[in-house]
Amino acid sequence: MEFVIITIFPEFVEQVFKWGILRRAVEAGKVSYRLVDPREFTADRHKSIDDVAYGGRPGMVMMCEPIFKAMEVLEAQDALKESRRFIHLTPTGRLLNWEIAEDLASNDQLILLAGRYEGIDQRVIDTFADDEVSIGDYVLSGGELAAMVLVDAIARFIPEVVGNEQSVTQDSFSTGLLDHPHYTRPASFNGMEVPEVLLSGNHAEIEKWRRQQAEQLTRLRRPDLWERHISGKSDGNGKRSGGK
Ligand code: ADE
């Protein structure tokens, strides 16, 4: 899987590939990345990438030309893969969830466009974007952090990126439920005890406890997920939500 990230802050976005699981995935050749800075494709000596909005509104809009040029250059370098998706990160996109992340992980290449300012000239989106994704109902000062979140969430679904495959299938959401609480040694700490059942060695009872905890947490914190889980309904993406 190759991530191509179009951003005016490439050094910032690169950090997501420099730590932990993603760093190991890059070193092992499971993930690669390319950072494309629209400023390198500007025509004027100020390297302008934004301009005032038509119709008059405060704030600047990222211009078409540098991004079209960047895409042209990628094409000319034969850097665009057959199995690819171009995603614009924006608060007006569809809300990211694990199903979207899993689905995007099946591509060979993802091109992520991180905008700044008030937005990006719509003609860029109309021409290139296959999808628009938001990471939550709040406005960030740019799409960079959203692109980094997307990279991290997607990378977990790439085979062999997460060491223990089971930890992905048991993650919150993949089961349709939130995750249960976790404990490690010591069994007693500052008067707080690890639940007895986890020390019992009885795997059936442990599983039952974890399931109950996950269900209780989901019911309390995420009634929306709980409803979906108990009704066993499709989530609209053609996938069942629970009981996997
Ligand atoms: N850019 C600014 N805010 C964003 C958000 N919430 N999700 C994705 N991209 C964004």
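For the structure itself, consult the block above.
Residues numbered from 1 in each chain as written. Predicted model: local features only at pLDDT ≥ 70, side-chain atom pairs only at ≥ 80, totals over all residues. Heavy atoms only, no water.

S.K.: Help me understand the overall build of the protein chain, please; the structure alone is not making it clear to me.
M.R.: Of the regular secondary structure elements, the protein chain holds 10 helices and 10 strands. Along the longest, intermediate and shortest principal axes, the C-alpha atoms of the protein chain span 70 × 40 × 40 Å. Relative to its full complement of 244 residues, the protein chain shows a buried share of 39%. Across the protein chain, the fraction of contacts at a sequence separation of at least 24, relative to all contacts at a separation of at least 6, is 72%. Accessible area of the protein chain: about 14400 Å², with a carbon and sulfur share of 50%. The average position of the 29 basic charges and that of the 39 acidic charges among the side chains of the protein chain differ by 4 Å. (Helix = DSSP H or I, 4+ residues; strand = E, 2+ residues; numbered from the N terminus. Buried < 20%, exposed > 50% of the residue type's maximum accessible area, 1.4 Å probe, protein only. Contact = heavy atoms within 4.5 Å. Areas by Shrake-Rupley, 256 points an atom, 1.4 Å probe, with all protein chains shown as cover. Lys, Arg positive; Asp, Glu negative; His and termini not counted. Charge placed at Lys NZ, Arg CZ, Asp CG, Glu CD.)

S.K.: Where do I start with unusual backbone geometry in this structure?
M.R.: Glycine aside, a negative phi is what most residues show, and trans is what most peptide bonds show. Omega for the peptide link from R185 to P186 comes to 5 degrees, which places this bond in the cis form. Although it is not a glycine, K47 sits at a positive phi angle of roughly 55 degrees. By the secondary structure assignment, K47 is in the loop between strand 2 (32-36) and strand 3 (50-52). Positive phi, close to 50 degrees, is recorded for N190, a residue that is not glycine.

S.K.: Before we go on, may I ask you to explain the pairing of strand 5 (residues 84-95) in this structure?
M.R.: Regular strands show a simple pattern: their side chains alternate between the two faces of the sheet. One ladder, built from 6 bridges, connects strand 5 with strand 6 (residues 109-114); its direction is parallel. Note that in strand 6 the partner of L89 across the bridge is A114. With helix 4 (residues 98-104) bridging strand 5 and its parallel neighbour strand 6, the resulting β-α-β unit is right-handed. Examined bridge by bridge, strand 5 and strand 8 (residues 131-134) share 5 bridges and lie parallel to one another. Among the inter-strand pairings, H88 is bridged to a residue of strand 8, identified as E132. (Pairing = 2+ DSSP bridges. Right-handed = clockwise from strand over helix to strand, strands pointing away.)

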